[in-house]
Amino acid sequence: MNKTALRMSRALALTAAVALAAQTPLAQAEIVDTDALAVPSQVELDRAKVQSFLERANVKERMQAMGLSGLVAADRVASLSEAEVHALAERIDGLPAGGALSQQDWILILLVVLIIVIAL
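Residues numbered from 1 in each chain as written. Predicted model: local features only at pLDDT ≥ 70, side-chain atom pairs only at ≥ 80, totals over all residues. Heavy atoms only, no water.

Some words on the overall build of the protein chain
What counts here: The way it works is that DSSP assigns letters per residue, a run of H or I at least four long becomes a helix, a run of E at least two long becomes a strand, and they are numbered from the N terminus. In this analysis, two residues are considered to be in contact whenever any of their non-hydrogen atoms come within 4.5 Å of each other. All accessible-area figures derive from a Shrake-Rupley calculation using a 1.4 Å probe, and residue coverage is judged against the displayed protein chains alone.
When its secondary structure is counted, the protein chain shows 7 helices and 0 strands. Helices and strands in the protein chain line up, N terminus first, as α-α-α-α-α-α-α. Across the protein chain, every contact between residues at least 6 apart in sequence was considered, and the portion connecting residues at least 24 apart equals 72%. When the accessible surface of the protein chain is totalled, it reaches about 9,000 Å², and 61% of it is carbon and sulfur.

Have a look at this one:
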């Protein structure tokens with residue numbers, strides 16, 4: 001190999017190394033407050049709300065009447081996306097407190113159950 005080819009090879013290797021080094025993100029560290037770690041995220045709160053909804057006696061009865069066990073439903077809720085869980089949690093907040101579910105509420109429950117059954 002002649003000197004010119006060797007210089008070009010080194011220059012190319014140096015250019016490639018600089019280009020790769022420029023793309024590498026720098027790591028940053030900072031102190032995280034313990035209280036910030038203890039607070040559950042909104043997704044965790046929403047998922048817990050949906051899980052507790054599915055554990056209600058009237059919802060369990062309705063799911064069992066449709067042939068769906070509570071364990072399968074819990075597994076399916078765990079596999080829902082963040083957006084789906086958030087939408088269900090918001091809908092649960094809008095349900096009447098007295099336990100009298102409207103026809104629209106039953107449709108929502110059936111829709112959730114159908115999504116869970118289809119996901120199987």
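A look at the side chain of D46
Note the threshold: Residue burial is assigned from relative accessible area. The probe radius is 1.4 Å, only protein chains are included, and a residue is buried under 20% of its type maximum, exposed over 50%, and partly exposed in between. Residues counted as positive are Lys and Arg, residues counted as negative are Asp and Glu, and His and the chain ends are not counted. When a carboxyl oxygen of Asp or Glu is within 4 Å of a side-chain nitrogen of Lys or Arg, the pair counts as a salt bridge. In the analysis that follows, any N or O atom pair within 3.5 Å is treated as a polar contact, provided that within protein one partner can donate a hydrogen and the other can accept it, and provided that, for residues neighboring in sequence, both atoms belong to side chains.
You can see D46 is positioned in helix α3 (residues 42-54). For the buried residue D46, which engages in no salt bridge, the nearest side chain bearing the opposite charge is K49, 5.0 Å off. A distance of 2.7 Å separates a polar atom in the side chain of D46 from a polar atom in the side chain of H86. Once residues within four sequence positions are removed from consideration, D46 is found in contact with V85, H86 and A89.

Points about the nonpolar core
A general tendency of soluble globular proteins is for nonpolar side chains to be buried together. For clarity, the cut-off: Take the buried Ala, Val, Leu, Ile, Met, Phe, Trp, Tyr and Cys residues and link them wherever side-chain atoms come within 4.5 Å; each set so joined is a nonpolar core.
Membership of the largest hydrophobic core comes to 18 residues, with the highest contact counts inside it found for V50, F53, L54, M63, L68, A73 and L88. Among the secondary structure elements, those contributing two or more residues to this core are α3, α4 (57-65), α5 (70-79), α6 (82-93) and α7 (103-119). Here L54 is in contact with V59, K60, M63, A73 and V77, once residues within four sequence places are set aside.

Topic: the confidence of the model for the protein chain
Selection rule: On a range of 0 to 100, pLDDT expresses the predictor's confidence in each residue.
Averaged over the protein chain, the pLDDT score is 77; the fraction of residues at 70 or greater is 82%. Mean pLDDT across the elements of the protein chain ranges from a minimum in helix α2 (residues 34-38), with 69, to a maximum in α3, with 85.

Looking at a nonpolar patch on the surface
This is how the line gets drawn: Each patch is built from residues that are more than 30% exposed by relative accessible area and take part in no salt bridge. Like charges join if they lie within 9 Å; nonpolar side chains (Val, Leu, Ile, Met, Phe, Trp, Tyr) join within 5 Å.
Side chains of M66, L114 and I118 sit close together on the surface and give an oily, nonpolar patch of about 310 Å² of accessible area. Position of M66 relative to the elements: it lies in the loop between α4 and α5.

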